[in-house]
Amino acid sequence: MPGTTQYEVLLDFTNDTHDCATVQLQRDYGRNTGAIVLLHPGESVTLVLDAGTVYKYALKTRSKVANVTARAWRDVRCTVSQLFPSGLSHPAQSPTASEPLRPVQGITVDHLWRDMRFCIWNDT
C-alpha cells in the first residue's frame, strides 16, 4: 500500500481594511488564552497548515466576526475584506449551509455575526 506524503501549505491573511483585525482559533474565541494575532491595517500573518486538514478560525474587525473554515491543498491568500462583503452587513444575511460564502479557494465563511462584548467602536 503506497504511503501518503504529508506536506504543508501557507495560509496568508492580510488586513486590507482601515481598522485593526484579529485572528484566532475559533475554539478559543472569547477566552483569555493569549493565542490571538492583532493585525494593523496593511499587516498580514502567514499560518503554516497541513494540506487537506480542516482548521477553524475567527476573524474580527470592529464588531464584525467571521467564523471561517480553512482546508487547502495549496498556498492561499485571503484579505480580511473578502470575508466581510459589503452586501452582508447584517448577521441575518449571514451565509447559510445551502450557500456558504467562499471568498477564495480553500476558505469558507461559515457564519458572519456581531460581537459587541469586546468592541470599543460604535459601528452598528
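Residues numbered from 1 in each chain as written. Predicted model: local features only at pLDDT ≥ 70, side-chain atom pairs only at ≥ 80, totals over all residues. Heavy atoms only, no water.

*Asks:* How would you sum up the layout of surface pockets? Please name residues and give values.
*Replies:* Taken as a whole, the second largest pocket encloses approximately 160 Å³ of empty space. In this structure, the second largest pocket is lined by Thr69, Arg71, Ala72, Trp73, Arg74, Val76, Arg102, Gln105, Gly106, Ile107 and Thr108. Looking at the lining of the second largest pocket residue by residue, the class counts come to 4 nonpolar, 4 polar and 3 charged. (1 Å grid on protein atoms, 1.4 Å probe; cavity = no way out; pocket = protein on both sides within 12 Å on 5 of 7 lines; lining within 4 Å. Points joined across faces, edges and corners; volume = space filled by probe spheres on them. Nonpolar A, V, L, I, M, F, W, Y, C, P; charged D, E, K, R; others polar.)

*Asks:* Provide a residue-level description of unusual backbone geometry, including the pertinent values.
*Replies:* With a phi angle near 55°, Arg62 is a residue other than glycine that sits in the positive phi range. Mapped onto the elements, Arg62 comes out in the loop between strand 5 (55-61) and strand 6 (64-70). For Arg62, a relative accessible area of 26% translates into the label partly exposed. (Helix = DSSP H or I, 4+ residues; strand = E, 2+ residues; numbered from the N terminus. Buried < 20%, exposed > 50% of the residue type's maximum accessible area, 1.4 Å probe, protein only.)

*Asks:* Explain the pairing of strand 9 (residues 107-114) to me, and be specific about the residues and the numbers.
*Replies:* Side chains on a regular strand alternate between the two faces of the sheet. Alignment of strand 6 against strand 9, held across 7 bridges, turns out to be antiparallel. In the sheet register, Ala70 faces strand 9, and the bridge partner there is Ile107. Here strand 8 (residues 101-104) pairs with strand 9 via 2 bridges, running antiparallel. Looking across to strand 9, one finds that Leu101 is bridged to Val109. Hairpin connection between strand 8 and strand 9: a loop of 2 residues separates the two successive antiparallel strands, and Gly106 in this loop has a positive phi of roughly 100°. (Pairing = 2+ DSSP bridges.)

*Asks:* So what about the environment of Glu43? Which residues, and what values?
*Replies:* Within the secondary structure layout, Glu43 lies in the loop between strand 3 (37-39) and strand 4 (44-50). When its relative accessible area of 34% is taken as the criterion, Glu43 is described as partly exposed. In the structure, Glu43 is positioned 30 residues away from Phe13 in sequence and 8.6 Å away in space, judged by C-alpha atoms. At a separation of 2.8 Å, a polar atom in the side chain of Glu43 contacts the main-chain amide nitrogen of His40. (Polar contact = N/O pair within 3.5 Å; in protein donor to acceptor, adjacent residues only side chain to side chain.)

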